[in-house]
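Spelled out from the first residue to the last, the chains are:
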Amino acid sequence: MVLVGWRLCKLYESGKMTRGQSALGKVGSTRWFPHFKGSLSALLSPTLQIVRVTYRVVPLFLVLLLSSTYCSASIAGARRELAGSTRGGPRGRSGAAMGSLGGSGGAGAGGKVGLPALDVALAFPQATPASLFPPAVSDYYQFDDLLTDEDKALRKKVRGIMEKEIAPIMTEYWEKAEFPFHAIPNLATLGLAGGTIKGYGCPGLSLTASAISIAEVARVDASCSTFILVHSSLAMSTIALCGSEAQKQKYLPSLAQFKSVGCWALTEPDYGSDASSLRTAATKVPGGWHLDGQKRWIGNSTFADVLIILARNAETNQLNGFIVKKGAPGLKATKIENKIGLRMVQNGDIVLNKVFVPEEDRLTGINSFQDINKVLAMSRIMVAWQPIGISMGVFDICHRYLKERKQFGAPLAAFQLNQEKLVRMLGNIQAMLLIGWRLCKLYESGKMTPGHASLGKAWTSRKAREVVSLGRELLGGNGILADFLVAKAFCDLEPIFSYEGTYDINSLVTGREITGIASFKPAVLTKSRL
């Protein structure tokens, strides 16, 4: 609220403020502060209340009607198929008909029943799918003015590549839960790997430039932004901050060009939020170390060439870091199936059974969890920008959709209820952008605290949840199709809400900082006197 008010003042003082910007500031601030909700609810006349009820009841009736019709047709089709199989199977008359509809063979042979799906552009010509990404229209408070020319140029480059190369393929690979490996060279041309690292072939960007670029990636596809963040902000940053000069020279140049891919393994099956209690063991042996244990939810792990493994030193009981190479004996990484979000990201379970790591691949700068926090402080800022980018993409899609899609003889954008939701989404995005920008500036000036980073990540991910939820409502039935981005973004945001610290854990980090009291563990229960 403070940053939005500040930006509004600056727009006014520069003579750039519009009535709409001023109104959005008022609407947003009153909604964020529940004691002053404004008078929006009073504006809903009895007529609009009737419209709201109609919007709820009519679609429900249509869904029930269509479901009944579809089920009847499906049952009739199944009966015909069964009759065909009793008259000679696929070679009989009915079997041949079913084979022509469902490809080779009938359903009993593992084939699909029915015709192939129509292309969404043909099935629903009234609105444009996300494969043709819409223009960016969410910068209502002219956030662009706060960026340098270099920042703007990089953002424009990233936006162009993502819209041209990734948008057309993302739905297909998200649906298949596969990573588009052929697109890695395109992602390499973004020039984001290594982010703020200077030298070793890395771009040496400002944190602000790196953050807004990640938001641009997430605007089109959140999975690609996670792939880059795991590789760059975690794996590469750990080597840069905690590795020896020899390790930096050996690993960073290849990682910077995406000739090799990195992953970062902290989380374990038994230790998620309580990551500092991890149990994977590092035992000293002649010439190096043996690693034994298990990791879970590790992005990129099923195909990574360089794995950063965090383990507990069996002698000191402190955390150490190790660089493990793909294919090391005793190393096994398997894909976690059945995710509903970030489906393109290949999260894996890693099992380490006496994996030998030579002494030269121990990260000498990691000797406690505090050393790991140096990495997490920066990566948490980057993750805070993912919900911002996702929200920007959802808003852009909804903005175009509401102007294209018509009902009751008018575009959906002409309805008051839809405009209010769109404005609420826009207000959240302005606040999120300013929070993210301020967080970057605090870090660059050396003033950022762990509480600052945690509040930023917790708050942006929570506000983004509201944005994608409203977007889901605005798109109606198409809001559950990945083709129109919103459903995909709705699901992709959920793992981001949890990783790099859940909303609750990040809130407790900030709470500890502002009160001086840690509340991560429940209070010890005392024996009752009764």
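Note that the structure is a prediction, hence the values are computed from the model and not measured.

Trainee: Account for the overall build of the chain, naming residues and giving values.
Mentor: Each helix and strand counted, the chain has 15 helices and twelve strands in total. Sequence-distant contacts in the chain: of pairs separated by 6 or more residues, those separated by 24 or more amount to 75%. About 26,100 Å² of surface is accessible on the chain, with carbon and sulfur atoms providing 59% of the total.

Trainee: I'd love a proper account of the nonpolar core, names of residues and values included.
Mentor: Grouped together as the largest cluster of nonpolar side chains are 122 residues, with contacts concentrated most on M162, L190, F227, W385, I390, V394 and M425. For this core, the element with the most residues is helix α11 (residues 369-404), which contributes 18 residues. Not counting the four nearest positions on each side in its chain, M162 is found in contact with A167, L187, L190, E216, V217, V220, D221 and C224. Listed in part, the 19 residues of the second largest apolar core include W289, A304, A328 and V355.

Trainee: An account of the packing of aromatic side chains is requested, with residue identities and associated values reported.
Mentor: Two numbers describe a pair of aromatic rings. These are the distance of the centres and the angle of the planes. Enumeration over the complete set of coordinates arrives at 15 aromatic pairs. Arranged with centres 6.4 Å apart and planes meeting at 5 degrees, the rings of F124 and Y401 form a pair that is stacked. Linking F124 in the loop between α5 (120-123) and α6 (149-176) with Y401 in helix α11, this pair joins segments that are 277 residues apart in sequence. As far as burial versus exposure is concerned, F124 and Y401 are alike and both buried. Taking 6.3 Å as the distance between ring centres and 45 degrees as the angle between the ring planes, the aromatic pair formed by F143 and W385 counts as tilted. Placement of the pair is F143 in the loop between α5 and α6 and W385 in helix α11, with a sequence separation of 242 residues. Residues F143 and W385 agree in their burial class; the two are buried. Cation over ring: K284 sits above W289, and NZ or CZ is 5.5 Å from the ring centre. Against the face of F497 rests R465, its NZ or CZ located 3.7 Å from the ring centre.

Trainee: How would you explain the pairing of strand β7 (residues 319-325) if you had to name every residue and give the values?
Mentor: Burial of β7 is extensive: six of the seven residues sit out of reach of the surface. Two successive antiparallel strands, strand β6 (residues 306-313) and β7, enclose a turn made up of five residues, where N317 displays a positive phi of approximately 65 degrees.

Trainee: How would you summarise empty space enclosed by the protein if you had to cite specific residues and measurements?
Mentor: One pass over the full model with this rule turns up three cavities of 30 Å³ or more. Its boundaries defined by the atoms lining it, the largest cavity holds a volume of some 60 Å³. Only α8 (207-220), α9 (222-242) and α11 provide two or more residues apiece to the lining of the largest cavity. The greatest single-element share of the lining of the largest cavity, amounting to three residues, is contributed by α9.

Trainee: Go over the packing of α11 against helix α14 (residues 486-498), please, and point to the residues and values.
Mentor: The description of two helices packed together rests on the angle between their axes and the distance between the axes. At a minimum axis distance of 10 Å, the contact between α11 and α14 shows a crossing angle of 165 degrees. Our classification of the angle between α11 and α14 gives roughly antiparallel. Once α11 is placed against α14, the crossing between them reads as left-handed. Residues V383, Q386, P387, I390, V394, I397 and C398 of α11 pack against V486, A489, L493 and I496 of α14.

Trainee: Mind laying out the side chain of E268, listing which residues take part and the relevant values?
Mentor: Structurally, E268 can be placed in the loop between β3 (262-265) and β4 (281-285). Since its relative accessible area comes to 6%, E268 is described here as buried. Reaching out from E268, the side chain makes a polar contact with the side chain of K295 at a distance of 3.1 Å. Not counting chain neighbours up to four residues away, the residues in contact with E268 comprise L278, R279, T280, Q294, K295 and R296.

Trainee: Run through the side chain of N478, naming residues and quoting values.
Mentor: On the secondary structure map, N478 appears in the loop between α13 (450-474) and α14. Excluding residues within four positions of it along the chain, N478 makes contact with F124, Y401 and F484.

Trainee: Give a description of the pairing of strand β5 (residues 288-299) that names residues and reports values.
Mentor: Pairing of β4 with β5, which is carried by five bridges, proceeds in the antiparallel orientation. Bridged to A281 within β5 is D292. The loop that links β4 with its antiparallel partner β5 comprises two residues; one of these, G287, has a positive phi angle of about 85 degrees. By the bridge criterion, nine bridges tie β5 to strand β9 (residues 347-358) in an arrangement that is antiparallel. By the bridge assignment for β9, H290 is matched with F356.

Trainee: Explain α11 to me, and be specific about the residues and the numbers.
Mentor: When the terminal C-alpha atoms of α11 are compared, their 52 Å separation across 36 residues agrees well with the 52 Å that a helix rising 1.5 Å per residue should span. When the local axis directions of α11 are compared, the greatest deviation, roughly 30 degrees, occurs at V375. Counting buried residues in α11 gives 28 out of 36 residues, a clear majority hidden from the surface.

Trainee: Go over the pattern of salt bridges with me, naming the residues and quoting the values.
Mentor: A complete count under the given rule lists 26 salt bridges for this structure. Put simply, K176 and E178 hold a salt bridge, and the shortest N to O gap is 3.6 Å. For E178, a relative accessible area of 36% puts it in the partly exposed group. In this structure, K284 and E359 form a salt bridge, with 3.6 Å as the shortest nitrogen-oxygen distance.

Conventions adopted
Residues numbered from 1 in each chain as written. Predicted model: local features only at pLDDT ≥ 70, side-chain atom pairs only at ≥ 80, totals over all residues. Heavy atoms only, no water. Helix = DSSP H or I, 4+ residues; strand = E, 2+ residues; numbered from the N terminus. Contact = heavy atoms within 4.5 Å. Areas by Shrake-Rupley, 256 points an atom, 1.4 Å probe, with all protein chains shown as cover. Core = buried A, V, L, I, M, F, W, Y, C linked by side-chain atoms within 4.5 Å. Buried < 20%, exposed > 50% of the residue type's maximum accessible area, 1.4 Å probe, protein only. Phe/Tyr/Trp six-rings, centres within 6.5 Å; stacked < 30°, edge-to-face > 60°. Lys NZ or Arg CZ within 6 Å of the ring centre and 35° of its normal. Pairing = 2+ DSSP bridges. 1 Å grid on protein atoms, 1.4 Å probe; cavity = no way out; pocket = protein on both sides within 12 Å on 5 of 7 lines; lining within 4 Å. Points joined across faces, edges and corners; volume = space filled by probe spheres on them. Axes fitted to C-alpha atoms, helices over the stretch in contact; angles between N-to-C directions. Parallel < 35°, antiparallel > 145°, perpendicular 65-115°, else oblique. Left-handed = near helix turned anticlockwise from the far one by under 90°. Polar contact = N/O pair within 3.5 Å; in protein donor to acceptor, adjacent residues only side chain to side chain. Expected span 1.5 Å × (residues − 1). Bend = angle between axes of the 7 residues up to and from the residue. Salt bridge = Lys/Arg side-chain N within 4 Å of Asp/Glu carboxyl O.

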